Amino acid sequence: MGCNVLIYADVNINLIDGSSVWLASLTEMLSLDDELNVNVLLKNPLTCDILIHDIVERNNINFIDPWEEAEHRGDFRSILNRKGCDYLDDVSATTMIQLLDEEEKFDKIIIRGPSISYQLCGEKSISKKLIIYITNPPAHKNWMNSAKLIEMHLSSYLTLCQTEMAKEVFIDLLGNSVELEKIDILNPMIPD
């Protein structure tokens, strides 16, 4: 049956920048393993597929466009109608991730975005399979952000940093609260 993975990033896949390239690259990399079912919840309606046009038709990738889903799902429709936006805010994304997880029982949930990671780390059914991706650890230096970072790290299954240097900064920020076995590096993905 394989491993069922959900990815959500606080990223607009329609815009070509480092963050959207990261999301497309991660999705493609994971899909290389035929045993993985890769589900990507999109933050925005898909209007430009330049970054994903080569992978969108792969059998083990499912891009979940909430606006398309809302056409036949009342729960998604009510979430989107609450805000009336063309993007998912953190509360809407969190609610949709919870709904999808109840249905699909994901094995792992990968999140990029500190606010939504923080909201999800408190959900017991999700936190044990939550993989959070932390960018720019120095941005979390103030006490409130550091306290949230510690809670996210301790409550999640795994914390990913982009480089060894970012990992070192992250470890310094967490101090005595760090669990080294729960930190790993996810380097930028480039073709062989």
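Data block above holds the structure.
So, here's what we can say about the structure.

Let's talk about the overall build of the protein
And step 1. The helix and strand tally for the protein stands at 8 helices and 7 strands.
And step 2. The C-alpha atoms of the protein give a radius of gyration of 16 Å, which matches the 16 Å a tight globule of 192 residues would have.
And step 3. Taking the principal axes of its C-alpha atoms as reference, the protein extends roughly 50 × 40 × 35 Å.
And step 4. Counting over 192 residues, the protein shows a buried share of 46%.
And step 5. As displayed, the protein has an accessible area near 10,000 Å², and 50% of this comes from carbon and sulfur atoms.
And step 6. Between the averaged position of the 16 positive side-chain charges in the protein and that of its 31 negative side-chain charges there is a distance of 8 Å.

Side note on helix α5 (residues 114–121)
And step 1. Burial in α5 covers these residues: Ile116, Ser117, Leu120 and Cys121. Buried residues along α5 cover an arc of 135 degrees about the axis, so they all sit on one side.

Examining the pattern of salt bridges
And step 1. In this structure the tally under the stated criterion is 6 salt bridges.
And step 2. Put simply, Asp10 and Lys43 hold a salt bridge, and the shortest N to O gap is 2.1 Å. Here Lys43 lies in the loop between β2 (36–41) and β3 (61–64) and Asp10 lies in the loop between β1 (3–9) and α1 (18–31), a separation of 33 residues in the sequence.
And step 3. Judged by relative accessible area, which is 17%, Lys43 ranks as buried.
And step 4. Of the charged contacts in the structure, one is a salt bridge between Arg73 and Asp75, with a shortest N-O distance of 2.8 Å.
And step 5. With a relative accessible area of 28%, Asp75 lands in the partly exposed category.

Parameters at a glance
- Residues numbered from 1 in each chain as written.
- Predicted model: local features only at pLDDT ≥ 70, side-chain atom pairs only at ≥ 80, totals over all residues.
- Heavy atoms only, no water.
- Helix = DSSP H or I, 4+ residues; strand = E, 2+ residues; numbered from the N terminus.
- Rg over C-alpha atoms; globule rule 2.2 N^0.38 Å.
- Buried < 20%, exposed > 50% of the residue type's maximum accessible area, 1.4 Å probe, protein only.
- Areas by Shrake-Rupley, 256 points an atom, 1.4 Å probe, with all protein chains shown as cover.
- Lys, Arg positive; Asp, Glu negative; His and termini not counted.
- Charge placed at Lys NZ, Arg CZ, Asp CG, Glu CD.
- Arc of directions from axis to C-beta.
- Salt bridge = Lys/Arg side-chain N within 4 Å of Asp/Glu carboxyl O.

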